[in-house]
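Here is what each chain is made of, one letter per residue.
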Amino acid sequence: METAILVIDDLREQYAQQMALVRQTYDRTGDGTAAIRRRSSVVDRLLIELWRRAFGPESSLKASILALGGYGRKDLFPFSDIDVLFAVADDDTEKSSRQAIRTIVQAMWDIGLRASPATRTVKECTRFDPDNLEFTLSTFDHRFLAGNFPLYQKLHNETIPGLVLSEWNQIAQKLGEVARARHAKYGNTIFHLEPNLKECPGGLRDFNLAPWFALLFYLKEHKEWPRQRGGGANDRASALGWQSAHGDAETAFDFLSAARCFLHFRHGRDDNTLDWQSQDEAAANSVGLETRGTADPAYWMRTYYRHARTIYRRAVLLMEQLPAPVSFYKQFRKRRAAIPGTDFSLDQGRIDISPTAQFSDTDGMLRVFALIANHGYTLTQAAEDRITDALPVLAIHIPEGPYLWNHLREVLLGPHAAHALRTMHALGILEMLIPEFHGIDALVIRDSYHRYTVDEHTFLTIDNVHALRRPIKDYEQRLATLLPEIDRLDLLLLSLLLHDTGKARRTGEHTAQSVELADSFLARLDFDIEEREIVRKLIRSHLEMSSALRRDIFDADNVHTLSEKVGSPQLLKMLTLMTYADIKAVHPDALTPWKAENLWQLYMSTANFMDRSVDEVRYHADLDPTLLYRIASMLPVGAEAKTPSKKKALVSAQEAAIRKFLEGLPQRYLQTRLPEQIRNHYLLAAQLEQDPIQLELRPSRQLVELTVIARDRRRLFADVAGALAAWGMNIVKADAFSNDAGIIVDSFQFIDTFRTLELNPEEKDRFTANVHEILSQGITATKHQIEQLLANRHQSATRNGTVKVEVPTRLEFDSESSSQSTLLQVVAQDTPGLLRQIALVLHAHDCNIEVALIDTEGETAIDVFYLTQKDKKLNPSLQVSLAEDLKSALNKILPQVQNF
């Protein structure tokens, strides 16, 4: 049939007016669930009217229009697509209605609706396409809008249920596969700095798994479509008895609905990413919260993570209920086995509870969690609900003393301890046993470095220790050797469980607060004095090695100070593993191979210092003749050294030349360089007459090291730092040495952020040539070229992202930690050229940089410099003037936080 172009000006105006009312009501009430229901009703009326205008009020055509997907559930967010199905009886009907359907779809776009249409015959609706699961799932949530109602009834009562029943196993397994793949895409975690409210684990797609699985199991049991009650996923799940036992999931849906409506209205499009600025604005408007006004962004994100955790946990439990493919041998196994002494039973790795179980004490329940920790079992949804319901009764009989410790110890020592603790935490058991843990539930440390909430970070630390039983990387294999040497692994794991509880108080140093909270719990466990002191000391000292890593790990004073604080080799081993687990649990990339290597080196240096087996013997003013001979023997011998006597004389002369090169270089240079490296530096220094700038570029573990050898000149360190920053290299460590002859040996270890040198080997020559060109120019020309390159880098950084968290500049001088130098720690916003700017100010004050240790945590730069002036520590007046000039210089280059 031919259909004229529809006149829709009135409908377009009507839609705009109605959506303005939806927006106004949402802004006034903050009710996202009501907003999506109301938009669904608005679109319903529009599509019914479009159908009437396109086909006529009395059309006898066997065709219908159905709402699908989120629109079918009446969960239509402000800028979501409109999923509709044009169902037709057969191919002839499809041909005759094709033009009218096109007209309706075009009119939808003209009105301002993002149409997502599909046209199917009844026969086509009986086919399942495994590559298009999305369409099949959308038919789960269908509603009649207009057209031939008997045709709709046929689809609803026969066609769609028949398809689902005939392909039940494939649909159910495919649904689980797709959900797991989506979870894997987002790292199987709800913790993201800028989560996607729809796609991330714990998002709205996970929420919809409940009604989908509910429908699948209902159809399998009753062989018919369930009677619908109202609209929305909540109503569907409730009607089928799959709603959350305590309404937590429904509350989470209301929060996510409010937040997603906020994002859609804020961006004017279907944008579901909760970026940093959106979080600030959502918190300022208390989006999704029961109270109006302004909320702290960290508190608002804490609420989000709690809701996401509820939904994600329910989604995982639902997927575990899918029947696994049964092998020939498994079908003869006993499917269900009682767990002795409890009301629980085990069925294929899942623990269920007897319907008649009575909770009178916690003994059986704690034994179940020990099984979970040791074997990785999971609880069924029914078991979890029963345990949650029984909490008031269980709270009357909370165990204490050795009885509680024996159960908790068994959980902590199990290889799946973190999984068991997460389960206990989600059900409220952990807080019941350890009330001190409640304060860090979903607690957010809101910066771009800490990815996880404090409770999840705690569980990850315990996971990281157990993972060392199966080491993969080289540094994991080294650290794993410490595990069997630790006498009380249980106390280490307990210390990790409690080490950050003090962060809940948000005042003072959290380590001291954590010790105070741990004290009360340890008293309830009836720990003896020795056990209590081990846990207290580990918690109190758990940041000491991290702090020492920001100092020179080869500096004897640093090692000596750490050994005094730790006190014993056994505690040092425990603290090393605690530091490893703690750093690795901050975010996935926090523990770089370089940092792990430094941690191991620091452990070895401190252990040797404690054992007095290595560090008692140190290099002094007189060089080791064996070392000199070894370096000289690696040098090329000319053709003139034909006889042994001439060769000996040549080697002797070379030793003298090497001694002259090394004269005046600090002992640390010899301690941190291999003889082969010293030889290379000596040979490069010998060529300074031909070329005043000598460069050596070489791989150094997971880093790249650039060594610059030149005659002493001002600002060399700053210029090299600027050139590397201009190339996008992330400097992590730097050494600045000079000998008595005025030869500079500056080394920079850096990460090739964009893998420029790794992926493009030819770039190495261009890189070294460019750095050489920059350093070979006069000071003025070098300054101009570096500043131009850095300006380009700043522009690129500005285009690629905005500063999320403002980091105030902090300067701290320390003349006590080192016997030779004054330490300067600079904490500032990380930005290209920061190290260069600091070095320029230091040079302007005639400060010599002995060692520079560079570290970055998220957007925070933490740089430590060992400084001297004329071979002495910096005096107080110099420190004051240096601090003033540094702050002034850094204020000129540091970016500002951009608010939107």
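Residues numbered from 1 in each chain as written. Predicted model: local features only at pLDDT ≥ 70, side-chain atom pairs only at ≥ 80, totals over all residues. Heavy atoms only, no water.

What to know about the packing of helix H13 (residues 363-375) against helix H16 (residues 401-413)
With their axes 8 Å apart at the nearest point, H13 and H16 run at an angle of 25 degrees to one another. The angle between the axes of H13 and H16 places the two elements in the roughly parallel class. For the pair formed by H13 and H16, the contact residues are Asp363, Leu366, Arg367, Phe369, Ala370, Ala373 and Asn374 on the first element and Tyr403, His407, Glu410 and Val411 on the second. Residues of the contact of H13 with H16, tallied by class, amount to six nonpolar, two polar and three charged. (Axes fitted to C-alpha atoms, helices over the stretch in contact; angles between N-to-C directions. Helix = DSSP H or I, 4+ residues; strand = E, 2+ residues; numbered from the N terminus. Parallel < 35°, antiparallel > 145°, perpendicular 65-115°, else oblique. Contact = heavy atoms within 4.5 Å. Nonpolar A, V, L, I, M, F, W, Y, C, P; charged D, E, K, R; others polar.)

Quick look at the packing of helix H19 (residues 454-467) against helix H21 (residues 489-498)
Here H19 crosses H21 at 155 degrees, and the two axes come no closer than 8 Å. Regarding the angle of H19 to H21, the classification is roughly antiparallel. Between H19 and H21, the contacting residues are Thr458, Thr461, Ile462, Val465 and His466 on the first element and Leu489, Leu493, Leu496 and Leu497 on the second. Across the contact of H19 with H21, the residue classes tally to six nonpolar, three polar and no charged.

As for the packing of aromatic side chains
Within this structure, the stated rule accounts for 20 aromatic pairs. Ring centres of tryptophan 600 and tyrosine 603 lie 5.2 Å apart, and the angle between their planes is 40 degrees; this geometry places the pair in the tilted category. Placement of both tryptophan 600 and tyrosine 603 in helix H27 (residues 593-611) is noted, with a separation of three residues, approximately one turn of the helix. The exposure classification of tryptophan 600 matches that of tyrosine 603, with both residues buried. With a centroid separation of 5.5 Å and an interplanar angle of 80 degrees, the aromatic rings of tyrosine 669 and phenylalanine 737 are classed as edge-to-face. Here phenylalanine 737 lies in strand E11 (residues 730-738) and tyrosine 669 lies in helix H30 (residues 667-671), a separation of 68 residues in the sequence. The exposure class of tyrosine 669 is buried, given its relative accessible area of 0%. For arginine 314, the ring lying beneath its charged end belongs to phenylalanine 207, and the centroid distance is 4.8 Å. One residue, arginine 446, lies across the ring of tryptophan 276, its end atom 4.3 Å from the ring centre. (Phe/Tyr/Trp six-rings, centres within 6.5 Å; stacked < 30°, edge-to-face > 60°. Buried < 20%, exposed > 50% of the residue type's maximum accessible area, 1.4 Å probe, protein only. Lys NZ or Arg CZ within 6 Å of the ring centre and 35° of its normal.)

A short note on the sheet that holds strand E4 (residues 143-147)
On the basis of which strands lie adjacent, the open sheet formed by four strands has the order E3-E2-E1-E4 and mixed pairing. The open sheet has two free edges, formed respectively by strand E3 (115-121) and E4, since each of these has just one partner strand. The mean angle between the axes of side-by-side strands here comes to 25 degrees, regardless of whether they run parallel or antiparallel. Pairing between strand E2 (residues 82-88) and E3: seven bridges, direction parallel. (Pairing = 2+ DSSP bridges.)

Observations regarding the nonpolar core
Formed by 92 residues in total, the largest nonpolar core has its most connected members in Phe369, Leu379, Leu412, Leu421, Ile429, Ile434 and Leu494. Once residues within four sequence positions are removed from consideration, phenylalanine 369 is found in contact with Leu379, Val411, Ala420, Thr423, Met424, Leu427 and Ile429. Formed by 72 residues, the second largest nonpolar core is a distinct cluster that contains Ala63, Leu204, Ala283 and Tyr452. (Core = buried A, V, L, I, M, F, W, Y, C linked by side-chain atoms within 4.5 Å.)

Let's talk about the sheet that holds strand E14 (residues 822-829)
Paired through backbone hydrogen bonds, the strands of a sheet run either parallel or antiparallel to each other. Ordered by their spatial adjacency, eight strands build an open sheet running E9-E10-E12-E11-E15-E16-E14-E13, and the pairing between neighbours is antiparallel. This sheet does not close on itself; its edge strands, each paired only once, are strand E9 (693-700) and strand E13 (810-814). Taking each pair of neighbouring strands and ignoring which way they run, the sheet shows an average axis angle of 15 degrees. Where E9 and strand E10 (residues 703-711) come together, eight bridges link them in antiparallel fashion. Looking across to E10, one finds that leucine 695 is bridged to valine 708. Sitting on the sheet, helix H32 (residues 716-726) is in contact with E10, E11, strand E12 (743-751) and strand E15 (848-857), with an inclination near 25 degrees to E12. Most of the contacts of helix H37 (residues 876-893) go to E13, to which it runs at about 155 degrees, and overall it touches E13, E14 and strand E16 (860-868).

What about the environment of serine 41?
When you line up the elements, serine 41 lands in helix H2 (residues 32-55). Expressed as a C-alpha distance, the spacing of serine 41 and alanine 726, which sit 685 residues apart in the sequence, is 56 Å.

Things to note about the environment of isoleucine 65
Here isoleucine 65 is to be found in strand E1 (residues 63-67). Expressed as a C-alpha distance, the spacing of isoleucine 65 and leucine 47, which sit 18 residues apart in the sequence, is 8.6 Å.

Observations regarding the environment of tyrosine 682
Assignment of secondary structure puts tyrosine 682 in helix H31 (residues 675-685). When the C-alpha positions of tyrosine 682 and leucine 599 are compared, they lie 30 Å apart, and in sequence the two are 83 residues distant. What tyrosine 682 contacts, discounting residues up to four positions off in sequence, is Leu635, Ala657, Ile658 and Phe661.

Here's the deal with the side chain of histidine 192
Here histidine 192 lies in the loop between helix H7 (168-185) and helix H8 (204-222). Residue histidine 192 is classed as buried on the basis of its relative accessible area, which comes to 13%. Side-chain polar atoms of histidine 192 contact the backbone oxygen of threonine 189, separated by 3.1 Å. Here arginine 451 takes part through its side chain, which lies 3.4 Å from a polar atom of the side chain of histidine 192. (Polar contact = N/O pair within 3.5 Å; in protein donor to acceptor, adjacent residues only side chain to side chain.)

Looking at the confidence of the model for the protein
The share of residues in the protein with pLDDT of 70 or more is 91%, and the mean pLDDT across the chain is 86. Highest mean pLDDT in the protein belongs to H21 (97); lowest belongs to helix H9 (residues 233-239) (50). For the stretch residues 326-334, pLDDT sits under 50, and the model shows one contact to residues farther than four places along the chain or on other chains. Overall, residues 612-621 carries pLDDT values under 50, and its contacts beyond four positions in sequence, including any with other chains, amount to 12 contacts. (pLDDT = per-residue confidence, 0-100.)

Regarding the pattern of salt bridges
The final tally for this structure, using the stated rule, is 42 salt bridges. For glutamate 384, the salt bridge goes to arginine 313, with nearest N and O atoms at 2.5 Å. Of the two residues, glutamate 384 is situated in helix H14 (residues 381-389) and arginine 313 in helix H12 (residues 297-320); the sequence distance between them amounts to 71 residues. Residue classification places glutamate 384 among the buried positions, given a relative accessible area of 5%. By sharing partners, the salt bridges in this structure join Asp10, Glu49, Arg52 and Arg53 into a single network. (Salt bridge = Lys/Arg side-chain N within 4 Å of Asp/Glu carboxyl O.)

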